[in-house]
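# Fold and contact review
Listed below are the residues making up each chain.
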Amino acid sequence: MLLAAAVILSGCTEQRLFAVRAVAAGVPSLAPFFEEDGSLGTDETKLRPEQAHSGLQQGNTPGLYGGTQKPKVCDVDRLKDFLTDPRNRQKAREWARVVGITPDRIEGYIDDLTPVLLRHDTLVKNHDYKKGKAVAFDALLEAGIAVLVNDQGLPAVKCSCGNPLQSFDKDPEKISVKFEDGNKKWDGYEKSDVVTVKPAPEPLERIALIDVDNPDQGINRPVGSTGENDQPFDATKQHAVPRVAGMTFDQASQRLSELGLAAAFSDGLPPGDAAVTGSDPGPGTELRFGEAVTLSVADDGEEPGTPPKPDPTDGPTTDDPTSVGPTTDEPTTDEPTTDDPTTGDPDTPDPDTGSPTSSEPTTDRPTTGEPTTIEPTTAVPTTPTTSSTPPTVEPTSAEPTSAEPTSAEPTRSEPVTSEPATSEPGSSSAPASAESAVVPA
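Residues numbered from 1 in each chain as written. Predicted model: local features only at pLDDT ≥ 70, side-chain atom pairs only at ≥ 80, totals over all residues. Heavy atoms only, no water.

To continue, consider the nonpolar core. L79, L83, W95, I106, I110, L148 and V157 are the most contacted members of the largest nonpolar core, which has 27 residues in total. Of all the secondary-structure elements, those providing two or more residues to this core are α2 (76–84), α3 (89–99), α4 (106–111), β7 (146–149) and β8 (155–158). Apart from the residues within four sequence positions on either side, L83 is in contact with A92, W95, I106 and I110. (Core = buried A, V, L, I, M, F, W, Y, C linked by side-chain atoms within 4.5 Å. Buried < 20%, exposed > 50% of the residue type's maximum accessible area, 1.4 Å probe, protein only. Helix = DSSP H or I, 4+ residues; strand = E, 2+ residues; numbered from the N terminus. Contact = heavy atoms within 4.5 Å.)

Below, the structure is given as structure tokens:
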């Protein structure tokens, strides 16, 4: 009886797994929208999957995708011609239905997409074309496959066949990958490194890519362009982790993205308005482009802007002066106190250095001049704005000066993104460089 029960339970567990079809780079689909003869797009078949810092990644994550200077990785014009050809009217209707637009908007929609190469094995919802209908199936696309992504950084089209793609909407921990129909298990495949992409918190203007032919070089690619306006940058240059405690999760991840750093999280994607209590590594730590910063968020019920409760077991939050606790818990050597910690290039003059960079009231964050008791201040916390720039008030000295707040009025200054540091991206998704040069198509 026990054996029978074990078999039944085992069968139930297996039934709860979601079948996912493996799609290898360079292997033609059996029922594609467009014949995969290499005329519409080509994959990079020798690109091994990168180790993922998180199974869930937002579409604005720097280095999530790769780029190349090779022409026609995705032939966008040919795809538009195919889908607007009267002979393919039924395919166009089904394609538009999957995407969520009307057939007459296909050309404009495709013009807003951007060609990239997957750097991770990525879960998506793919679509075959069978008997005049788009048939959805869950798929794992191998790293190296060329896709078009939208302005939220989500894969939207598989270039080589024109198949429309949607976000994977199941539990990635409960998948069973099937390698069949010529799609053999590829070198470097690890189930633990499979990635699911979630929308960026804000629409992207540029996408920060890693040059797959030269990993020490990055590529800033404007959304909706195909490589003709690419701007290279040094992907080896390091950037300092900014102070993020007191921001919402969306604000913190956006700020990290502007500096070329990835936001990681240990237990699922937090709500966008979740209050960030700290980061690991802490503020001032120098990281290379694309490296991850793990964000800690407040427990459910705490509002953004609420001073985090002291927790002696929470190492990362002690690096930030916004945590309420004895001042002796704060490090005095690992991070600058008079320089702006949100910039990765302390040698670059910046009028915002050492000053607040947002229009939030000073009551949102305690200063070093407040009492050193572990009780939170009596000031009523206010909800941070939806801006992606960091909070306003930071200590002006390593030593407390008085028990009064530094200011009763909101401090207004230029947003950080209006004058990016020379070593940082100039958009919400990518680090820009003053040394960048436009690379011809």
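Structure's up, so let's keep going.
Moving on, we come to the packing of aromatic side chains. In this structure the tally under the stated criterion is eight aromatic pairs. One cation-aromatic arrangement involves R21 over F137; the distance from NZ or CZ to the ring centre is 3.7 Å. Across the ring face of F18, the terminal group of K170 is positioned such that the distance to the ring centre comes to 5.9 Å. (Phe/Tyr/Trp six-rings, centres within 6.5 Å; stacked < 30°, edge-to-face > 60°. Lys NZ or Arg CZ within 6 Å of the ring centre and 35° of its normal.)

On to the sheet that holds strand β3 (residues 65–67), then. Spatially, the eight strands line up as an open sheet ordered β9-β8-β7-β4-β3-β13-β14-β15, and their pairing is mixed. Whereas interior strands pair on both sides, the edge strands pair on one side only; in this sheet they are β9 (163–164) and β15 (231–234). Inspection of the sheet shows β3 paired to strand β4 (residues 114–118) by two bridges, in the antiparallel sense. What sits directly across from Y65, in β4, is L118. (Pairing = 2+ DSSP bridges.)

Attention shifts here to helix α5 (residues 249–258). Across the ten residues that make up α5, a large majority, nine, are buried. Residues of α5 that are buried sit in contact with β2 (56–58), β17 (262–264), β18 (276–280) and β20 (292–297).

The next thing to look at is the sheet that holds β20. The three strands are arranged β17-β20-β18 in an open sheet whose pairing can be described as mixed. Looking at strand neighbours, the two that pair on one side only are β17 and β18, the edges of this open sheet. Pairs of neighbouring strands in the sheet enclose a mean axial angle of 35 degrees, with direction left out of account. The sheet contacts of α5 involve β17, β18 and β20, and relative to β20 the element is tilted by about 165 degrees. (Axes fitted to C-alpha atoms, helices over the stretch in contact; angles between N-to-C directions.)

Of the residues making up α3, those classed as buried are K91, A92, E94, W95, A96 and V98. Immediately downstream of α3, the backbone of G100 shows phi near 95 degrees, a positive value.

Two cysteines whose sulfur atoms are joined by a covalent bond form what is called a disulfide. Under the counting rule described, the total for this entry stands at one disulfide. Across the disulfide, C74 is cross-linked to C159 (sulfur-sulfur distance 1.7 Å). The sign of the 80 degrees torsion about the S-S bond sets the C74-C159 disulfide as right-handed. Residue C74 is located in the loop between β3 and α2, and its partner C159 is located in the loop between β8 and β9; the two are separated by 85 residues in the primary sequence. Classification of C159 as buried rests on a relative accessible area of 4%. (Disulfide = S-S within 2.5 Å.)

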